[in-house]
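Descriptive analysis of the structure
One-letter residues, chain by chain:
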Amino acid sequence: MKLSEFNTKMPEELIASYPNPVRDESRLLVLHKRSGEIEHRVFKEILDYFHPHDLFVFNDTQVFPAKLFGNKEKTGARIEVFLLRELNPNNKLWDVLVEPARKIRIGNKLYFGLDDSLVAEVIDNTTSRGRTLRFLYDGDHDEFKSHLYAMGHTPLPYYIKRPSEPEDAERYQTIYASKEGAVVAPAAGLHFTRELMRRMEIKDIDREFLTMHISLGSYRDIDVEDLTKHRMDSEEMDVSEQLVEHVNTLRENGHRVCAIGTSVLRAFETCVGMNGRIKPYEGWSNKFLFPPYPCTTCDALVTNFHMPYSIMLMAAAAFGGYEPTMKAYQVAIDEKYRFGAYGDAMLILND
């Protein structure tokens with residue numbers, strides 16, 4: 001397919017700058033893939049579509065406070081530093097993006113904190129905006145990470161045109177996040193509350209967790225019209241043997257598996273075997289899903305409403321089918337659903 005086919009013509013005023021006051025009271029558009037039928041519900045009613053021993057699979061990645069603001073030595077110029085991933089814990093090396101990049105060269109030092117208590121030295125250029133930083137800190141690793149994160153800010157998506165606020169540290173995080181490593185939240189999971197999880201237990205709906213640390217690659221612009229030529233950034237993931245056995249057994253017995261978010265869908269499609277069963281996998285994935293890719297590893301998908309031309313929109317359309325998904329997006333625009341990580345949700349049922 002072509003990039004231009006994913007212009008949903010979404011008005012910018014539909015982008016949610018703040019989350020719904022109550023996580024599970026966001027709106028929910030339900031798309032029945034085969035019939036094309038669309039329903040309008042509230043997210044907390046999602047369990048109405050599932051039965052005992054169906055399975056929800058969540059991404060338990062945890063977003064860390066990746067955005068820092070520092071000052072360049074001598075000039076005092078304000079520099080934004082976006083932490084991407086830790087390269088070497090012993091040497092306190094980090095892969096980062098800097099802005100404005102033209103001012104930052106190898107050998108420069110950056111100072112962070114009101115008292116300049118944290119210093120980093122630029123030791124390499126990786127891309128036009130990418131740098132490798134060595135943080136100069138004498139304490140142990142845990143102490144250093146605590147100090148570093150205390151200065152960090154929540155890395156809200158680029159389309160939210162406001163600075164992060166203290167409340168974002170909680171709301172741009174799922175309630176079950178436990179494995180640190182993401183700079184992008186698995187947005188579909190942001191709608192789940194502890195009460196909703198308890199209701200799942202009461203209804204005997206099973207749950208499992210995998211890990212995919214979502215990177216900024218999910219927001220990277222696609223600069224080719226022919227989608228077969230786009231290459232995704234690699235993201236670290238872990239699908240356990242326990243999860244695999246649970247998923248494969250339930251599906252063989254006629255129960256449904258629901259992926260909570262396109263990251264879970266991408267993880268499943270990364271580790272699927274020739275027989276359609278998923279396999280344990282720990283490593284990296286650069287799986288790029290777009291129609292007409294045949295998603296066969298799950299029976300339902302929960303996802304938010306994503307930006308035009310985005311990788312997440314394409315993954316949703318791969319699962320839901322291009323025409324039904326794009327029709328659902330037009331309905332969502334007409335009905336003024338909220339878009340983005342803090343927006344409303346869509347449930348796509350493969351029935």
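As a reminder, the structure under discussion sits directly above these lines.
Residues numbered from 1 in each chain as written. Predicted model: local features only at pLDDT ≥ 70, side-chain atom pairs only at ≥ 80, totals over all residues. Heavy atoms only, no water.

**Here's the deal with the pairing of strand S2 (residues 38-42)**
Pairing of strand S1 (residues 27-32) with S2, which is carried by 5 bridges, proceeds in the antiparallel orientation. The residue of S2 that forms the bridge with Leu28 is Arg41. Turn length for the S1-S2 hairpin, with the two strands adjacent in sequence and antiparallel, is 5 residues, and the turn residue Gly36 shows positive phi of about 80°. (Pairing = 2+ DSSP bridges. Helix = DSSP H or I, 4+ residues; strand = E, 2+ residues; numbered from the N terminus.)

**A closer look at the side chain of Lys72**
Mapped onto the secondary structure, Lys72 falls in strand S5 (residues 67-72). Glu73 provides the closest opposite charge to the buried, unpaired Lys72, separated from it by 7.3 Å. One polar contact links the side chain of Lys72 to the main-chain carbonyl oxygen of Lys103, over a distance of 2.7 Å. (Buried < 20%, exposed > 50% of the residue type's maximum accessible area, 1.4 Å probe, protein only. Lys, Arg positive; Asp, Glu negative; His and termini not counted. Salt bridge = Lys/Arg side-chain N within 4 Å of Asp/Glu carboxyl O. Polar contact = N/O pair within 3.5 Å; in protein donor to acceptor, adjacent residues only side chain to side chain.)

**With respect to the packing of aromatic side chains**
Under the criterion given, the structure shown has 23 aromatic pairs. Arranged with centres 5.6 Å apart and planes meeting at 15°, the rings of Phe64 and Tyr149 form a pair that is stacked. Placement of the pair is Phe64 in the loop between strand S4 (61-63) and S5 and Tyr149 in helix H1 (residues 141-150), with a sequence separation of 85 residues. Note on accessibility: Phe64 and Tyr149 belong to one class, buried. Between Tyr172 and Tyr342, the ring centres sit 6.1 Å apart and the planes meet at 90°, which makes this aromatic pair edge-to-face. Of this pair, Tyr172 sits in the loop between helix H2 (168-171) and strand S11 (179-182) while Tyr342 is found in the loop between helix H7 (322-334) and strand S17 (345-349), placing the two residues 170 residues apart along the sequence. Linked through ring pairs, Phe43, Phe50, Phe56, Phe58, Tyr176, Phe192 and Phe209 together constitute an aromatic cluster. (Phe/Tyr/Trp six-rings, centres within 6.5 Å; stacked < 30°, edge-to-face > 60°.)

**Re the sheet that holds strand S7 (residues 93-99)**
In space, the 6 strands of this closed barrel follow the order S5-S6-S7-S10-S9-S8, with antiparallel pairing throughout. Averaged over neighbouring strand pairs, the angle between their axes works out to 45° when direction is ignored. Pairing of S5 with strand S8 (residues 109-112), which is carried by 3 bridges, proceeds in the antiparallel orientation. The partner of Asn71 across the bridge, within S8, is Tyr111. Its contacts with the sheet put H1 on S5, strand S6 (78-88), S7, strand S9 (118-125) and strand S10 (130-136), and the angle it makes with S7 is roughly 15°. (Axes fitted to C-alpha atoms, helices over the stretch in contact; angles between N-to-C directions. Contact = heavy atoms within 4.5 Å.)

**Notes on helix H4 (residues 241-252)**
In a regular helix each residue adds 1.5 Å, so 12 residues correspond to 16 Å; H4 covers 16 Å between its end C-alpha atoms and thus fits that length. Considered for burial, the residues of H4 that qualify are Leu243, Val244, Val247, Asn248 and Leu250. All buried residues of H4 fall inside an arc of 165° around its axis, so they share one side. Opposite the buried face of H4, by more than 90 degrees, sit the exposed residues Glu241, Gln242, Glu245 and Glu252. In this structure, the buried side of H4 is in contact with strand S3 (55-59), strand S12 (206-212), strand S13 (235-239), strand S14 (257-260) and helix H5 (262-270). Gly254 sits one or two positions beyond H4 and adopts a positive phi of about 90°. (Expected span 1.5 Å × (residues − 1). Arc of directions from axis to C-beta.)

**Quick notes on the nonpolar core**
Core analysis: the biggest nonpolar cluster contains 96 residues, and Val81, Leu83, Phe135, Tyr172 and Phe268 have the highest contact counts within it. Ranked by the residues each element gives to this core, the list is headed by helix H6 (residues 311-320), at 9 residues. Those residues in contact with Tyr172 that sit more than four places away from it in its chain are Val63, Thr154, Pro155, Leu156, Pro157, Val183, Val184, Ala185, Leu190, Tyr219, Ala341 and Tyr342. Judged by nonpolar contacts, the second largest core, of 23 residues, contains Ile46, Phe58, Phe192 and Ala345. (Core = buried A, V, L, I, M, F, W, Y, C linked by side-chain atoms within 4.5 Å.)

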